[in-house]
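Residue strings, one per chain:
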Amino acid sequence: MTQNTRRRFAIAAGTSTLGLAIAQFFGWGTRPAHAADNEKFEVTHTEAEWRKLLTASQFSVLRQEGTERPYTSPLNDEHRAGRFSCAGCALDLFSSKTKFDSRTGWPSFWQPLDKAVGEHQDRSFGMARTEVHCRRCGGHLGHVFDDGPKPTGLRYCMNGVAMTFTPGAT
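Computed from a predicted model, the values in this text were never measured in an experiment.

*Asks:* Go over the confidence of the model for the chain with me, naming the residues and quoting the values.
*Replies:* Low pLDDT marks regions whose predicted coordinates should not be analysed in detail. Chain-level statistics for the chain give a pLDDT mean of 85 and a share of 78% at 70 or above. Segment residues 4-17: pLDDT under 50, and 1 contact once partners within four positions in sequence are set aside and those in other chains are kept. Counting contacts from residues 26-33, a segment whose pLDDT is below 50, to residues more than four positions away or on other chains yields 23 contacts.

In structure tokens form, the structure reads like this:
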């Protein structure tokens, strides 16, 4: 292999790896394994059943840990009183009382409802993050970070497509 051929090969390989990482980050691709697969959940379905129950984008996020593009969810701009629930099993996850504008492009909350979510360490993409999933069905919701507002200092950065909203009392 000539030096010029090796250089072109190295550039192409690096570009494709970077492209894959960018695509997965923005939800244009998905991670193949679900972090919560080794847990037992109250609500379970086969992959084929999940595909029938969910839209393609819901399946990508909830079952394959995909990420929706920022600023694409109507729930990001939802400001009414109500509850945000899992799109996979309808478990109430967050109250509108804990929602805030994080300016990240995803619905953000400073606290989930009691016993609504589970968490796992996520070491994908060369970083350590805390993945958040629905306690009842294991559906991937997003990640939690320690840069949120008081009183918790947490930012539950959720994929809007993974949730539904029901207006009313919280």
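This is not the end of the story, as more comes after the structure.
*Asks:* Provide a residue-level description of the pairing of strand β7 (residues 140-145), including the pertinent values.
*Replies:* Among the 6 residues of β7, 5 are classified as buried, and the element is accordingly described as predominantly covered. Bridging between strand β6 (residues 129-134) and β7 involves 4 bridges; their strand directions are antiparallel. Bridge assignment links V132 to a residue of β7, and that residue is G142. Hairpin connection of β6 to β7: 5 residues between the antiparallel strands, including G138 at a positive phi of 80°.

*Asks:* So what's going on with the side chain of S95? Residues and values would help.
*Replies:* You can see S95 is positioned in strand β2 (residues 92-95). Sequence-distant contacts of S95, defined by excluding residues within four places in its chain, comprise G82, F84, F109, L113 and T170.

*Asks:* Break down the nonpolar core for me, with residues and values.
*Replies:* Judged by nonpolar contacts, the single largest core of 28 residues is most densely connected at L93, F94, C134, L141, M158 and M163. Taken together, the elements giving at least two residues each to this core come down to α3 (56-62), β1 (82-86), β2, β6, β7, β8 (155-158) and β9 (163-167). Ranked by residue count, the leading element in this core is α3, at 3 residues. Apart from the residues lying within four places of it in its own chain, the contact partners of L141 are L62, L93, V117, V132, H133, C134, C157, M158, N159 and A162.

Basis of the calculations
- Residues numbered from 1 in each chain as written.
- Predicted model: local features only at pLDDT ≥ 70, side-chain atom pairs only at ≥ 80, totals over all residues.
- Heavy atoms only, no water.
- pLDDT = per-residue confidence, 0-100.
- Contact = heavy atoms within 4.5 Å.
- Buried < 20%, exposed > 50% of the residue type's maximum accessible area, 1.4 Å probe, protein only.
- Helix = DSSP H or I, 4+ residues; strand = E, 2+ residues; numbered from the N terminus.
- Pairing = 2+ DSSP bridges.
- Core = buried A, V, L, I, M, F, W, Y, C linked by side-chain atoms within 4.5 Å.

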